[in-house]
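Structural description and commentary
Given next are the chains, with one letter for each unit.
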2 protein chains.
Amino acid sequence: MTDHAPFSEPDLSGAAAIARGVARYYWQAGWSCLREVSLPNGRRADLVALSRRGEIAIVEVKSGLADFQSDAKWGDYLEFCDVFDFAVDAAFPLGRLPQDVGVLIADAYGAARHLTGPRVALSPARRKAMVQRLARTAADRLMVLADPDFVPEHGL
Amino acid sequence: MTDHAPFSEPDLSGAAAIARGVARYYWQAGWSCLREVSLPNGRRADLVALSRRGEIAIVEVKSGLADFQSDAKWGDYLEFCDVFDFAVDAAFPLGRLPQDVGVLIADAYGAARHLTGPRVALSPARRKAMVQRLARTAADRLMVLADPDFVPEHGL
């Protein structure tokens, strides 16, 4: 992915690499990050970040132009976050992305902001539901890791 | 711990076994469970459970009478949950526990309720802060697992 990638990390390419870099970017800014979060509308956000102040960012990773062009429904994420970013790698043709949302340029080791999108505050009820969703999703994943022989699902 | 413990699980004794059984108990009731949660007052709850409706339970595991008697500060947990339980194993002298909080009797495979404590609702602000704490604590643990080479701490 980058010329300083250690040889011992074989799977750091494409979307996985971008997502890791974005998580590091938000983490360094003090946000907690959770990957692959199911939303009430049936969509699955690539990454959701939660700030100390309870702000919620959703980041949609696009591994290339085809990946972006095949997703006509990214607007469905906007109602579940205060800020929305696309995250792409340095080879992505940035002019093809919407210019009115956030854009991060990432590799496996971090990210840099190319565009800052608007901050549209969630309603208190929606924010409360999203933070609880993050808590239950993350706790349930840890439970499965800690006790893999047990029932894997109880719904959110 | 119990006569049906598989031989392949060597560390299921004492507090760890009780905590696993309690997590299974709450999980089966639809709650999400997180172990070892730091609270704003500096205490560390053995297990915090979060229901679909946003209710918060704190469970304090006591591996034996000495463990209980050495903890004069368990009352510090009450202000951070709607319901509080002690969890002990079947050998614990139950009469030595307070009779006005919840008590679960657990082994590594589950738990049964011996006493139901009062439900004292958290204030909305305290509940919001606790759910956010659970979300950030759990997400951060998953982040460390997914990206162990990265900075391990950014605070809650």
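My aim in this report is to walk through the structure given alongside it, one point at a time. Being a predicted model, the structure only gives us computed values, none of them experimental. (Residues numbered from 1 in each chain as written. Chains lettered and ligands numbered in written order. Predicted model: local features only at pLDDT ≥ 70, side-chain atom pairs only at ≥ 80, totals over all residues. Heavy atoms only, no water.)

1. Brief notes about the overall build of chain A
Short version of the rule: Put simply, DSSP H or I for four residues or longer makes a helix, DSSP E for two residues or longer makes a strand, and each gets a number counted from the N terminus. Accessible area is worked out with a 1.4 Å probe on protein chains only. A residue is then buried under 20% of its type maximum, exposed over 50%, and partly exposed in between. Contacts between residues were defined by any pair of non-hydrogen atoms, one from each residue, lying within 4.5 Å.
Helix and strand content of chain A: three helices and six strands. N-terminal to C-terminal, the α/β element order of chain A is α-β-β-β-α-β-β-β-α. Counting all 156 residues of chain A, 51% fall into the buried class. Taking all contacts inside chain A whose residues are at least 6 apart in sequence as the whole, residues at least 24 apart take part in 53%.

2. What about the interface of chain A and chain B?
Using the following cut-off: Each of two parts loses accessible area, computed with a 1.4 Å probe, when they are put together; buried area is these two losses added. For this analysis, a salt bridge means a side-chain nitrogen from Lys or Arg found within 4 Å of a carboxyl oxygen belonging to Asp or Glu. N or O atoms within 3.5 Å of each other form a polar contact, as long as, within protein, one can give a hydrogen and the other can take it, and as long as residues adjacent in sequence are counted only when both atoms are side-chain atoms.
Tallying the contact residues gives 38 residues for chain A and 38 residues for chain B. Of the roughly 3,200 Å² buried between chain A and chain B, counting both surfaces, carbon and sulfur atoms make up 62%. At the boundary of chain A with chain B, the tally comes to four salt bridges. Our enumeration of links across chain A and chain B arrives at 12 residue pairs in polar contact (both at pLDDT 80 or more).

3. Examining the packing of helix α1 (residues 14-28) of chain A against helix α3 (residues 124-146) of chain B
In plain terms, the rule: Every axis corresponds to a line fitted to the C-alpha atoms, with the helix fit spanning only the stretch in contact, and the corresponding angles, defined between N-to-C directions, vary from 0 to 180 degrees. Oblique is the label for every angle not falling under 35 degrees (roughly parallel), over 145 degrees (roughly antiparallel), or within 65 to 115 degrees (roughly perpendicular). Each crossing gets its hand from how the near helix is turned against the far one by less than a right angle, where anticlockwise is left-handed and clockwise is right-handed.
In contact at an axis separation of 12 Å, α1 of chain A and α3 of chain B are set at 135° when each is read in the N-to-C sense. Judged by the inter-axis angle, α1 of chain A sits oblique to α3 of chain B. Between α1 of chain A and α3 of chain B lies a crossing whose hand is left-handed. Listed contacts from α3 of chain B to A23, R24 and W27 of chain A of α1 of chain A are D140, M143 and V144 of chain B.

4. Examining the pairing of strand β2 (residues 44-50) of chain B
Residues and elements named next belong to chain B. Heads up, the condition is: Strand pairing is defined by DSSP finding a minimum of two bridges between the two strands.
With six of seven residues buried, β2 lies mostly within the body of the structure. Taken together, the six bridges between strand β1 (residues 32-38) and β2 define a ladder with antiparallel strand orientation. For V37, the partnering residue across the bridge sits in β2 and is A45. With antiparallel pairing between neighbouring strands as the criterion, β1 and β2 make up a hairpin whose turn holds five residues, including G42 at a positive phi of roughly 90°. The sheet contact formed by β2 and strand β3 (residues 56-61) spans four bridges and is antiparallel. Across the sheet, residue A49 finds its bridge partner in β3, namely A57. Counting the residues that bridge the hairpin from β2 to β3 gives five residues, and of these G54 lies at a positive phi of roughly 90°.

5. A look at the pattern of salt bridges
When the charged atoms of two side chains with opposite charge come close together, those side chains can pair. Per the stated rule, a full pass over the model turns up 24 salt bridges over all chains. A salt bridge links R44 of chain B to E36 of chain B, with the shortest nitrogen-to-oxygen separation between them at 2.9 Å. Note on R44 of chain B: relative accessible area 42%, which makes it partly exposed. For E36 of chain B, a relative accessible area of 34% corresponds to the partly exposed category. Two residues, D82 of chain B and R127 of chain B, come together in a salt bridge whose shortest N-O distance is 2.7 Å. Placement of D82 of chain B in the loop between α2 (65-69) and β4 (83-88) and of R127 of chain B in helix α3 is noted, with a sequence separation of 45 residues between them. The burial state of D82 of chain B is the same as that of R127 of chain B; both residues are buried. Linked through salt bridges whose partners overlap, the residues forming this network are R43, E60, K62, D67 and D71 of chain A.

6. A closer look at the relation of the copies chain A and chain B
The following threshold applies: Fitting of the copies onto one another was done by least squares over C-alpha atoms, counting residues only where both copies have pLDDT of at least 70.
Overlay of chain A on chain B (RMSD 0.0 Å): rotation 180°, translation along the axis 0.0 Å. In the structure described here, the two chain copies are related by an operation that fits a two-fold rotation axis. When each C-alpha of chain A is compared by its distance to the rotation axis, A135 of chain A comes out closest, at 1.8 Å. Looking at chain A, 100% of its interface residues are interface residues in chain B too, so the copies touch through the same face.

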